[in-house]
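The residues making up each chain are set out below.
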Amino acid sequence: MSISQYIFWFLSFVALISALMVVFSKSPVYSVLSLIMTFFAIAGHYLLLSAQFLAAVHIIVYAGAIMVLFLYVIMMLNLNKEAEPHKKPYIQIISFVAIGLLMVTLIGTLKEAEAIAPSNIANNVGGIGTVEQLGKVLFNQFLLPFEISSILFLSAMVGAVYLSKKNLQ
Amino acid sequence: MDPLLIKAIIVLIIFAITLLVATYSTWGERKVAAFLQDRVGPNRAGPGGLLQPLADAVKMFMKEEIIPSVSNKWLFILGPCISMLTALMTGVVIPWGGDITLGGQTFNLQIVDLNIGILYLFGVVSLGVYGIMIGGWASNNKYSLLGAIRASSQMISYEIAMGLAIIALVMTTGTLSLKEIVQQQDAGFANIVYQPLGFVIFLICAFAETNRAPFDLPECETELIGGYHTEYSSMKLGFFLFAEYINMFISSAVIVSFYFGGYNFPFQHELGLEGNWLTIVQTIVFFMKVLGFVFFFFWVRWTLPRFRYDQLMNLGWKVLLPLALVNIFITGLTMWFLGKI
């Protein structure tokens, strides 16, 4: 095996173990910390695929911002009690089915993903993940989806600000 | 010689210099504070108190190490480790000088030139808060928890304005590599000429990110005893304090590289120096600039009073964030009128 294969197996091992820890650890703080480990392992996978930009943004956005907020909320609400009320069985079944359907959808999407692979990076295999390539693809070929998703984020932000206003009419 | 070996030596030297500068920053800070308050400052250990950092280190190591019985032991130990680790990781992408030629081989004084250097820096800085948060939470102390919560919300708030200030810089330089940014400033003016507003925003955010006064709310002793490190003693406390000094040194280095020409100085090519000599002079100039900013950090700390917490949040969200957006807008408009885009 080459060294990148060893790294791949190591990262996959870390990612899976820490992802399982997220689900099985009883304390929410440990769950969040294991989730951060998972994100690091996935960022390592991005680096193996020579997508440095994606890896850096992954760390900045998920590990650096979102998980800090998660940890912040958990610490502030002091959710560290292990005696969480037991959920009713039908709720568990519903959530199981919902997550299963989500997984099927994701797998289906990813199987089709090859068909819409951007055309102009095929002839530049070496620098697929660099900022320049990604920027060119995003702002030429996928401009409309990119802008639409940013509008989606903007509307979510406006909604959150509106909900957090104290004197709602 | 093996290039890898040379890199390892450069890493070791930079590691040692970072620790040395951080150690003597503690001495420098106390001297500056003493000067501003019309005192003498440390003057017992060695000439001018120069051995004071050594005495402090011995004190830190010899003190009893206490882990509170109700705390979360592993996370309690992990907190200062993460703080120290993230503080030291940022030095990797900073260009400390130009090329040096040894025995026919040329080496760069930067540890690694990432083409996403700025993003790397930003990522590591955003991870720095975990040390404080985990340490503060694991102490199982109300004051520590309050300090940790303050630290996290403060860092999140100021990271946004900082990122937007960097975006304006990236727009004018067109690169994410710190080495290229520094080299561009050799040919033209220093970036502060193009980004004065961005520099001010970045500087204020750097103060907030390093938890220095007037933004040292997470450890504000008049309200929170010691903030997130209330329960810490011995060298674990030392790690937290030391990480702050390292962060200050690295932030100064980043500010100099981004906005003040890095290791370049005016008329450097008219001096008649070449090769290694020029690189050595450049590195010395770089460290002088950096130490100048470290002094600025001290100066502000002992001059300005601490913010109130709501003032801090208002400054971050209602002043710096819109200003940073306006800065991006102005930068874009100017570049458009000058025909650069």
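Just above sits the structure.
If you're wondering where the values come from, they're calculated on a predicted model, not measured in any experiment.

Engineer: Hey, could you run me through the overall build of chain B in this one?
Structural biologist: Assigned secondary structure in chain B consists of 11 helices and two strands. For chain B, the α and β elements follow one another from N to C terminus as α-α-α-β-β-α-α-α-α-α-α-α-α. For 341 residues, the compact-globule estimate of 2.2 N^0.38 gives 20 Å, and the C-alpha radius of gyration of chain B, at 21 Å, lies within 12% of that figure. With respect to the three principal axes, the spread of C-alpha positions in chain B is 60 × 50 × 45 Å. Of all 341 residues assigned to chain B, the portion counted as buried reaches 53%. When contacts within chain B are restricted to residue pairs at least 6 apart in sequence, long-range pairs at least 24 apart make up 78% of them. Within the structure as shown, chain B displays about 15,700 Å² of accessible surface, and the carbon and sulfur contribution to it stands at 71%.

Engineer: How should I be thinking about the packing of aromatic side chains in this particular structure?
Structural biologist: A ring pair, where both rings are aromatic, is described by two values, the distance of the centres and the angle of the planes. According to the stated counting rule, one finds 27 aromatic pairs over all chains in the structure shown. Note on Phe39(A) and Tyr62(A): the rings are 5.1 Å apart at their centroids and 35° apart in plane angle, and the pair reads as tilted. Remark: Tyr62(A) occurs in helix α3 (residues 52-77) and Phe39(A) occurs in helix α2 (residues 28-48); sequence separation between them is 23 residues. On the basis of relative accessibility, which here comes to 36%, the residue Tyr62(A) falls in the partly exposed class. Plain terms: the ring middles of Phe258(B) and Tyr259(B) are 6.2 Å apart, the flat faces sit at 80° to each other, and that makes the pair edge-to-face.

Engineer: Teacher, can you tell me more about the packing of α3(A) against helix α5 (residues 142-173) of chain B here?
Structural biologist: Each pair of packed helices gets described by two things: the angle between the helix axes and the distance between those axes. Contact geometry for α3(A) and α5(B): axes closest at 10 Å, N-to-C directions at 150°. Relative to α5(B), α3(A) is oriented roughly antiparallel. Of the two possible hands of crossing, α3(A) and α5(B) adopt the one that is left-handed. Side by side, α3(A) and α5(B) meet where Gly64(A), Ala65(A), Val68(A), Leu69(A), Tyr72(A), Met75(A) and Met76(A) of the first sit next to Leu145(B), Ile149(B), Ser152(B), Ser153(B), Ile156(B) and Glu159(B) of the second.

Engineer: For this particular structure, what's the right way to read the layout of surface pockets?
Structural biologist: Summary: where empty space remains is shown by rolling a probe the size of a single water molecule over the atoms. Approximately 2,800 Å³ is the volume attributed to the largest pocket. Lining the largest pocket are 49 residues, with Val57(A), Ile60(A), Val61(A), Leu164(B) and Ile167(B) positioned closest to its centre. Residues belonging to the lining of the largest pocket are distributed by class as follows: 35 nonpolar, 11 polar and three charged. Of the domains in this structure, domain 1 (1-84) and domain 3 (122-169) of chain A are the two that each give at least three residues to the lining of the largest pocket. One number sums up the size of the second largest pocket: a volume of about 1,000 Å³.

Engineer: What should I look at first to understand the pattern of salt bridges in this one?
Structural biologist: Where side chains of opposite charge bring their charged atoms close, a pairing between them can arise. All names here are of chain B. Applying the stated rule across the entire model yields four salt bridges over all chains. The partner of Asp 56 in a salt bridge is Arg 30, and the shortest N-O contact between them spans 2.9 Å. A residue pair is termed long-range when its members are at least 10 positions apart, and Asp 56 in helix α2 (residues 52-62) and Arg 30 in helix α1 (residues 3-36) qualify at 26 residues. The partly exposed category is assigned to Arg 30, whose relative accessible area is 36%.

Engineer: Explain helix α9 (residues 234-259) of chain B to me, please; I cannot follow it from the model alone.
Structural biologist: Along an α-helix, a turn takes 3.6 residues, which lines up residues three or four apart on a common side. Residues and elements named next belong to chain B. For α9, built from 26 residues, the straight-helix expectation of 38 Å at 1.5 Å per residue is met to within 8% by its first-to-last C-alpha distance of 38 Å. With 22 of 26 residues buried, α9 lies mostly within the body of the structure. Once α9 ends, the next one or two residues include Gly 261, with phi positive near 80°.

Engineer: Mind showing me how you'd approach empty space enclosed by the protein here?
Structural biologist: Residue and element names in this part refer to chain B. For the coordinates displayed, the defined rule picks out one cavity of 30 Å³ or more. Space inside the largest cavity adds up to approximately 430 Å³. At the level of elements, α3 (73-89), α4 (117-138), α5, α7 (196-209) and α9 are the ones that each hand at least two residues to the lining of the largest cavity. Here the residues of the lining of the largest cavity are counted per class, giving 19 nonpolar, eight polar and three charged.

Engineer: I'm lost on the interface of chain A and chain B in this one. Help?
Structural biologist: It is common to give the size of an interface as the accessible area lost on bringing the parts into contact. Contacts between the two partners involve 23 residues from chain A and, on the opposite side, 21 residues from chain B. Summing both partners gives a buried area of about 1,900 Å² for chain A against chain B, and 80% of it is carried by carbon and sulfur. Where chain A packs against chain B, one counts zero salt bridges. Seen at the junction of chain A and chain B, the total is two residue pairs in polar contact (both at pLDDT 80 or more).

Engineer: Just to check I follow, could you spell out the pairing of strand β2 (residues 105-108) of chain B for this structure?
Structural biologist: The two faces of the sheet receive side chains in turn, since in a regular strand these alternate between them. Residues and elements named next belong to chain B. Here strand β1 (residues 99-102) pairs with β2 via four bridges, running antiparallel. Following the sheet pairing, Thr 101 is matched in β2 by Thr 106. The turn linking β1 back onto β2 is made up of two residues, and Gly 103 within it adopts a positive phi angle of 55°.

Engineer: Honestly, the side chain of Ser34(A) in this entry has me stumped. Any pointers?
Structural biologist: Along the chain, Ser34(A) turns up in helix α2. Discounting chain neighbours no more than four positions away, the residues touching Ser34(A) are Ser18(A), Met21(A) and Val22(A).

Engineer: Which parts of the structure should I look at to understand a nonpolar patch on the surface?
Structural biologist: A cluster of nonpolar residues, Leu271(B), Leu273(B), Trp277(B), Ile280(B), Ile284(B) and Met288(B), forms a patch on the protein surface that exposes about 630 Å² of accessible area. Checked against the element boundaries, Ile284(B) lands in helix α10 (residues 275-301).

Engineer: Just to check I follow, could you spell out helix α6 (residues 178-187) of chain B for this structure?
Structural biologist: Residue and element names in this part refer to chain B. Considered for burial, the residues of α6 that qualify are Leu 178, Ile 181, Val 182 and Gln 185. Along the axis of α6, the buried positions cluster into a sector of 95°, meaning they face one direction only. In the core, the buried residues of α6 are packed alongside α4, α5 and α9.

Engineer: So what exactly am I meant to see when it comes to the environment of Asn211(B) here?
Structural biologist: All names here are of chain B. Within the element layout of this structure, Asn 211 appears in the loop between α7 and α8 (221-224). When its relative accessible area of 3% is taken as the criterion, Asn 211 is described as buried. Along the sequence, Asn 211 and Asn 247 sit 36 residues apart, while their C-alpha atoms lie 9.3 Å from each other. Ignoring any residue separated from it by four or fewer positions in sequence, one finds Asn 211 in contact with Ile 132, Gln 154, Met 155, Asp 216, Pro 218, Glu 219 and Glu 244.

What counts and what doesn't
Residues numbered from 1 in each chain as written. Chains lettered and ligands numbered in written order. Predicted model: local features only at pLDDT ≥ 70, side-chain atom pairs only at ≥ 80, totals over all residues. Heavy atoms only, no water. Helix = DSSP H or I, 4+ residues; strand = E, 2+ residues; numbered from the N terminus. Rg over C-alpha atoms; globule rule 2.2 N^0.38 Å. Buried < 20%, exposed > 50% of the residue type's maximum accessible area, 1.4 Å probe, protein only. Contact = heavy atoms within 4.5 Å. Areas by Shrake-Rupley, 256 points an atom, 1.4 Å probe, with all protein chains shown as cover. Phe/Tyr/Trp six-rings, centres within 6.5 Å; stacked < 30°, edge-to-face > 60°. Axes fitted to C-alpha atoms, helices over the stretch in contact; angles between N-to-C directions. Parallel < 35°, antiparallel > 145°, perpendicular 65-115°, else oblique. Left-handed = near helix turned anticlockwise from the far one by under 90°. 1 Å grid on protein atoms, 1.4 Å probe; cavity = no way out; pocket = protein on both sides within 12 Å on 5 of 7 lines; lining within 4 Å. Points joined across faces, edges and corners; volume = space filled by probe spheres on them. Nonpolar A, V, L, I, M, F, W, Y, C, P; charged D, E, K, R; others polar. Domains from an automatic or database assignment. Salt bridge = Lys/Arg side-chain N within 4 Å of Asp/Glu carboxyl O. Expected span 1.5 Å × (residues − 1). Buried area = accessible area lost by both parts, 1.4 Å probe. Polar contact = N/O pair within 3.5 Å; in protein donor to acceptor, adjacent residues only side chain to side chain. Pairing = 2+ DSSP bridges. Patch = residues over 30% accessible without salt bridge, like charges linked within 9 Å, V, L, I, M, F, W, Y side chains within 5 Å. Arc of directions from axis to C-beta.

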